[in-house]
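The primary structure of each chain is shown beneath.
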Amino acid sequence: MLYIGNHTTSSKGYEKMARQMIANGGNTFAFFTRNPRGGKAKEINETDIEKFLALAKENHFGKIVAHAPYTLNACAAKENLRDFARETMADDLKRMEYTPGNYYNFHPGSHVGQGAEIGIHKIAEILNEVLTDGQTTTVLLETMAGKGSEVGRNFQEIQEILALVDKKEKMGVCLDTCHVWDGGYDIVHDLDGVLEEFDRIIGLEKLKAVHLNDSMNGLGSHKDRHAKIGEGQIGLDALVRVVCHPALQGLPFILETPNDDEGWTREIRLLRESAADFVL
Ligand code: FE
Ligand code: FE
Ligand code: ZN
């Protein structure tokens, strides 16, 4: 089963998001748990949740991948910003339990000059404060492009964070194709090699979701500018190989391409057709 969908920009509740995704040809999706720039989350509406859960079941949805706000920085230098990260994550994780067993993805953070090592420790510290034994949600660290002082710029940094987290079974990784390409991993010419490296350093069993994006920039550019599928430097063929890679079967593939619903519908169709035609 190929689980593919897009990061929906609508924030009108779970049922609406699922209906839009079905219209787009998708069977998973991503969404911001609250305004991407932070702020208060909407009240959970239990009727909306029930309708969503029924729709997702009926349409054989894969796991959905919630995204924490961009402004969340678990390794900020200022403690008040880390408090915001703490409170937001704890609150989001509580809300995620209304839709049990899904994924909560976040950007590890930016160390803002403190150095990656301090950043890594601060991120793990917050994870150790917010993860609970009872949660059914898996928290995903997103692989980053290495723009500015981003932490998680390579597999080692992700692994170092994971190693410091106590409740390891609650953690996973989301691989963003644009970010790893911009970070210097050549998924165009050596996808097998990149995944072998991921396996050696982190372990492929930790890979839970993929952000499927083309990139406006070249290998190792550390830029993080997403392009539409087939319109960037990664290209359609390489992205189809990602979707079809034996090691990645069953994972949710989330498009975060600069599109509207019409564009995402086209991309989902294109990727489904290309995957169906794909021969190893
Ligand atoms: Fe992201
Ligand atoms: Fe992403
Ligand atoms: Zn990005």
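That block above? That's the structure.
Attention here is on the structure that accompanies the text. (Residues numbered from 1 in each chain as written. Chains lettered and ligands numbered in written order. Predicted model: local features only at pLDDT ≥ 70, side-chain atom pairs only at ≥ 80, totals over all residues. Heavy atoms only, no water.)

To continue, consider the coordination of the zinc ion (ligand 3). Protein coordination of the zinc ion (ligand 3) is provided by H179 (NE2), D224 (OD) and H226 (NE2), with donor distances spanning 2.0 to 2.2 Å. Mapped onto the sequence, the donors of the zinc ion (ligand 3) take the spacing H-x44-D-x1-H. The distance between the zinc ion (ligand 3) and the iron ion (ligand 1) is 5.3 Å. Placement of H179 in helix α6 (residues 177-182) and of H226 in strand β11 (residues 226-227) is noted, with a sequence separation of 47 residues between them. Like H226, H179 is buried. (Donors = N, O, S within 2.8 Å, 3.2 Å for Na, K, Ca; no water. Helix = DSSP H or I, 4+ residues; strand = E, 2+ residues; numbered from the N terminus. Buried < 20%, exposed > 50% of the residue type's maximum accessible area, 1.4 Å probe, protein only.)

The next thing to look at is the packing of aromatic side chains. The geometry of an aromatic ring pair comes down to the distance between the two centres and the angle between the two planes. A full pass over the atoms with the stated rule returns eight aromatic pairs. With centroids separated by 6.0 Å and ring planes inclined at 80°, the aromatic side chains of F29 and F52 adopt a geometry described as edge-to-face. Here F29, found in the loop between α1 (14-24) and β2 (30-32), pairs with F52, found in helix α2 (residues 46-58); they are 23 residues apart in sequence, far enough to count as distant. Each member of the pair F29 and F52 is classed as buried. Summarising the aromatic geometry, the rings of F32 and Y70 are spaced 5.3 Å apart at their centres and angled 80° between planes, so their arrangement reads as edge-to-face. Placement of F32 in strand β2 and of Y70 in the loop between β3 (65-67) and α3 (79-96) is noted, with a sequence separation of 38 residues between them. One residue, K63, lies across the ring of Y103, its end atom 5.8 Å from the ring centre. (Phe/Tyr/Trp six-rings, centres within 6.5 Å; stacked < 30°, edge-to-face > 60°. Lys NZ or Arg CZ within 6 Å of the ring centre and 35° of its normal.)

At this site the iron ion (ligand 1) is bound by H67 (NE2), H107 (NE2) and E142 (OE), with donor distances of 2.1 to 2.3 Å. Sequence spacing of the donor residues for the iron ion (ligand 1), all on one chain, is H-x39-H-x34-E. The metal-metal distance between the iron ion (ligand 1) and the iron ion (ligand 2) comes to 3.2 Å, with E142 coordinating both. Taken together, the residues span a long stretch of sequence, with H67 in strand β3 and E142 in strand β6 (residues 138-142) at a distance of 75 residues. Here H67 falls in the buried class, since its relative accessible area comes to 2%. Judged by relative accessible area, which is 1%, E142 ranks as buried.

So, on to the pairing of strand β9 (residues 207-212). The two faces of the sheet receive side chains in turn, since in a regular strand these alternate between them. For β9, a buried count of five out of six residues is recorded, marking the element as mostly surrounded by other parts of the structure. Of the strand pairs in this sheet, strand β8 (residues 171-176) and β9 are connected by four bridges, and their pairing is parallel. If you follow C174 over to β9, its bridge partner there is A209. (Pairing = 2+ DSSP bridges.)

Moving on, we get to the pairing of β6. The buried fraction of β6 is high, at five of five residues. Both faces of β6 are covered, namely the face carrying T138, L140 and E142 and the face carrying V139 and L141. Examined bridge by bridge, strand β4 (residues 103-106) and β6 share four bridges and lie parallel to one another. Looking at β6, one finds that N105 is bridged to L140. By the bridge criterion, four bridges tie β6 to β8 in an arrangement that is parallel.

Another point: the sheet that holds β4. Taken together, eight strands build an open sheet; the order of strands is β1-β12-β9-β8-β6-β4-β3-β2 and the sheet is parallel. Bordering the open sheet on either side are β1 (3-6) and β2, each of which pairs with just one other strand. The average undirected angle you get between the axes of adjacent strands in this sheet is 30°. Contacts from α3 reach β3, β4 and β6, with the element oriented near 160° to β4. (Axes fitted to C-alpha atoms, helices over the stretch in contact; angles between N-to-C directions. Contact = heavy atoms within 4.5 Å.)

Below, the discussion takes up the packing of helix α5 (residues 155-164) against helix α7 (residues 191-201). Between α5 and α7, the shortest axis-to-axis distance is 10 Å and the interhelical angle comes to 25°. Here α5 is positioned roughly parallel relative to α7, judged by the angle of their axes. For the element pair α5 and α7, the recorded crossing hand is right-handed. Of the residues in α7, those touching α5 at F155, Q156 and Q159 are V194, E197, F198 and I201. In terms of residue class, the contact of α5 with α7 is made up of four nonpolar, two polar and one charged. (Parallel < 35°, antiparallel > 145°, perpendicular 65-115°, else oblique. Left-handed = near helix turned anticlockwise from the far one by under 90°. Nonpolar A, V, L, I, M, F, W, Y, C, P; charged D, E, K, R; others polar.)

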